[in-house]
Amino acid sequence: MKKILLVLTLATALLQISCSEDLISNSTATNSADVYVAGQKDNQACYWKNNQPVFLDSNGFTGPTANKIIVSNNDVYVLGIGIGATTTALENVPMFWKNGVLTNLKAALSTDEEQVMTITDMEVIGSDVYFVGYTKKPIITFDDYTLAYWKNGVKTTVRNYGHYVQNLPKIKIQNNSVYITASANGSLTINGYYANSVFNEIPNSIINGLTTNGSDMFAFGVLNNAGYYKNINTNAETSLPAPINGITKMQFATDMYVTNGSNTIYKNGISFDNSQPELGGIIDFKIQNSGAYKITQVAVGDGYTSHLVVNGVEAMHINDSEGTFMSVFVVQN
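All values derive from a computational prediction rather than experimental measurement. (Residues numbered from 1 in each chain as written. Predicted model: local features only at pLDDT ≥ 70, side-chain atom pairs only at ≥ 80, totals over all residues. Heavy atoms only, no water.)

**Q** I'm lost on the overall build of the protein in this one. Help?
**A** When its secondary structure is counted, the protein shows two helices and 29 strands. Scored against the burial criterion, the 333 residues of the protein give a buried share of 53%. Across the protein, contacts joining residues at least 24 apart in sequence account for 40% of those joining residues at least 6 apart. Entry remark: accessible area of the protein is about 14300 Å², with carbon and sulfur atoms responsible for 49%. (Helix = DSSP H or I, 4+ residues; strand = E, 2+ residues; numbered from the N terminus. Buried < 20%, exposed > 50% of the residue type's maximum accessible area, 1.4 Å probe, protein only. Contact = heavy atoms within 4.5 Å. Areas by Shrake-Rupley, 256 points an atom, 1.4 Å probe, with all protein chains shown as cover.)

**Q** Please clarify how the packing of aromatic side chains should be interpreted in this entry.
**A** The description of an aromatic ring pair uses the distance of the two centres, along with the angle that the planes make with each other. Applying the stated criterion across every chain, the model contains nine aromatic pairs. Seen from their ring centres, tyrosine 145 and tyrosine 164 are 5.8 Å apart, and the 80° between their planes marks the pair as edge-to-face. Here tyrosine 145, found in strand β11 (residues 145-151), pairs with tyrosine 164, found in the loop between β12 (154-160) and β13 (171-174); they are 19 residues apart in sequence, far enough to count as distant. Relative to phenylalanine 252, the ring of phenylalanine 218 has its centre 4.8 Å away and its plane inclined at 35°; by these criteria the two rings are tilted. Of this pair, phenylalanine 218 sits in strand β18 (residues 216-223) while phenylalanine 252 sits in strand β21 (residues 249-253), and the two are 34 residues apart along the sequence. Looking at phenylalanine 218, the relative accessible area reads 7%, which means it is buried. Every member of this aromatic cluster is reached through a ring pair, and the members are Tyr77, Phe96 and Phe131. (Phe/Tyr/Trp six-rings, centres within 6.5 Å; stacked < 30°, edge-to-face > 60°.)

**Q** Any chance you could explain the side chain of threonine 324 here in plain terms?
**A** Here threonine 324 lies in strand β29 (residues 323-332). At a separation of 2.8 Å, a polar atom in the side chain of threonine 324 contacts the side chain of tyrosine 304. (Polar contact = N/O pair within 3.5 Å; in protein donor to acceptor, adjacent residues only side chain to side chain.)

**Q** Looking at this structure, I do not really get the sheet that holds β29. What am I missing?
**A** In sheet architecture, strand pairing relies on hydrogen bonds along the backbone and comes in two forms, parallel and antiparallel. With respect to topology, four strands assemble into an open sheet ordered β4-β3-β2-β29, the strand pairing being antiparallel. Each edge of the sheet is formed by a strand with only one pairing partner; in this case those strands are β4 (52-55) and β29. Shown here is a sheet whose adjacent strand axes are inclined to one another by a mean of 25°, direction ignored. Bridge analysis of strand β3 (residues 44-49) against β4 gives four bridges, and the strand direction is antiparallel. Counted as the bridge partner of tyrosine 47 is valine 54 from β4. (Pairing = 2+ DSSP bridges. Axes fitted to C-alpha atoms, helices over the stretch in contact; angles between N-to-C directions.)

**Q** Even after reading the chapter, I still don't get unusual backbone geometry, so can you show me in this structure?
**A** Both trends apply: most residues other than glycine have a negative phi, and most peptide bonds are in trans. Here the amide bond leading from alanine 242 into proline 243 is cis, since omega sits at 10°, within 30 degrees of zero. In this structure, proline 243 sits in the loop between β20 (237-240) and β21. Although it is not a glycine, asparagine 43 sits at a positive phi angle of roughly 60°. Mapping asparagine 43 onto the fold places it in the loop between β2 (33-41) and β3. The backbone of asparagine 176 shows a phi angle near 70°, a positive value even though the residue is not glycine. Mapped onto the elements of the fold, asparagine 176 is located in the loop between β13 and β14 (177-182).

**Q** Hey, could you run me through the pairing of strand β9 (residues 115-125) in this one?
**A** In the case of a regular strand, side chains alternate between the two sheet surfaces. Burial analysis of β9 places nine of its 11 residues in the buried class, which makes it a mostly covered element. With nine bridges connecting them, β9 and strand β10 (residues 128-136) associate as antiparallel partners. Looking at β10, one finds that glutamate 123 is bridged to tyrosine 130. Taking the residues that link successive antiparallel strands as the turn, the β9-β10 hairpin has two residues, and the phi of glycine 126 there is positive, at about 65°.

**Q** Looking at this structure, I do not really get the pattern of salt bridges. What am I missing?
**A** The final tally for this structure, using the stated rule, is nine salt bridges. Lysine 137 is the partner of aspartate 144 in a salt bridge, and the nearest nitrogen-oxygen pair spans 3.9 Å. One salt bridge connects lysine 294 with aspartate 273, and the closest N-O pair in it is separated by 3.0 Å. Taken together, the positions of lysine 294 in strand β26 (residues 291-300) and aspartate 273 in strand β24 (residues 270-273) put the pair 21 residues apart, joining distant regions of the chain. The residues lysine 294 and aspartate 273 share a single accessibility class, namely buried. (Salt bridge = Lys/Arg side-chain N within 4 Å of Asp/Glu carboxyl O.)

**Q** How should the sheet that holds β21 be read in this particular structure?
**A** Strand order in this open sheet of four strands is β21-β22-β23-β24, and the pairing throughout is antiparallel. At either end of the open sheet lies a strand with only one pairing partner, and these are β21 and β24. The sheet shows a mean angle of 35° between the axes of neighbouring strands, taken without regard to direction. Bridge count for β21 against strand β22 (residues 255-259) is five bridges, and the pairing is antiparallel. Paired with phenylalanine 252 across the bridge in β22 is methionine 256.

**Q** Just checking my understanding: could you explain the nonpolar core for this structure?
**A** A general trend in soluble globular proteins is that nonpolar side chains are found buried together. Among the nonpolar cores identified, the biggest contains 29 residues, and Ile69, Val78, Ile119, Met122 and Phe131 are the most heavily contacted of them. Beyond its immediate stretch of four places on either side in the chain, valine 78 contacts Tyr47, Leu56, Ala66, Lys68, Ile69, Met95, Phe96, Trp97 and Met122. Within the second largest apolar cluster, 17 residues are counted, among which are Met117, Val132, Val165 and Ala182. (Core = buried A, V, L, I, M, F, W, Y, C linked by side-chain atoms within 4.5 Å.)

**Q** Looking at this model, I keep getting lost on the confidence of the model for the protein. Mind explaining?
**A** Parts of the prediction with low pLDDT should not have their coordinates interpreted in detail. Chain-level statistics for the protein give a pLDDT mean of 88 and a share of 88% at 70 or above. Of the regions scoring below 50 in pLDDT, residues 1-30 engages in 89 contacts with residues more than four places distant in sequence or in other chains. (pLDDT = per-residue confidence, 0-100.)

The following block contains the structure:
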């Protein structure tokens with residue numbers, strides 16, 4: 001437990017840098033869309049809707065950060081993390097807000113037999129909410145971690161690793177099937193995926209996520225130092241030529257859009273949006289109605305600055321001494 005708490009505490013420390021803003025409004029760049037950005041401001045979890053911050057109740061947890069935001073049927077879903085105190089130590093607490101109402105996922109999803117250690121991803125389909133993460137059995141002599149997902153609070157066990165696990169699985173739903181990225185042995189590198197709890201390894205790969213295109217599900221990442229994606233439904237595999245030496249984010253919006261974490265979004269393998277290269281690497285992006293929305297982070301001294309760039313125009317930015325952006329979601333008006 002100490003190992004995973006240390007890893008998560010370090011990760012949280014990187015994410016929870018507070019957030020005051022230096023905003024640049026540009027109403028014409030939103031392409032008639034509502035733009036939501038999740039992050040942290042002034043040591044509070046928050047999200048911005050069209051550049052206006054909305055603060056989220058933390059119930060006393062330290063340094064809460066909103067890491068992912070999804071809007072579905074006019075409801076706003078946010079996944080985050082904070083730090084809470086137990087009788088003996090500090091622990092990371094996965095947090096969830098629906099329309100601003102907080103749920104402590106550690107308390108809500110743990111049982112007497114298994115304690116939730118971390119929630120690593122969230123998916124919303126209609127009004128159904130899915131979480132994926134790890135639980136740990138209260139065994140003192142060794143770490144016994146289990147990969148699981150929850151649909152509306154109901155748990156499904158995917159795999160018992162029987163030891164400490166340190167990677168960060170992603171979840172995606174398609175046609176009532178549940179897909180989860182995972183590693184073959186619980187190591188840091190994720191090299192496969194579960195399809196309805198059946199594991200499929202992709203040897204020598206690093207799988208960074210999942211995305212959909214119509215009825216098809218895709219896993220994407222790196223294979224043999226090249227950008228790689230696999231159509232899970234057909235088993236067709238594709239490697240992309242340089243400079244796309246890996247895929248960190250991928251989206252289909254009629255065409256295929258990817259980034260390798262640089263400042264560039266590629267459309268069907270061709271540079272599509274490389275505006276303002278001084279704004280650093282892409283953390284997240286969305287393509288909506290031909291508009292490009294991206295969060296970038298650029299190193300500044302020992303820290304960084306987060307930027308929201310919409311159609312090549314900076315919409316707002318935040319210095320890491322006061323804030324961070326982590327996730328973007330776009331709703332077309």
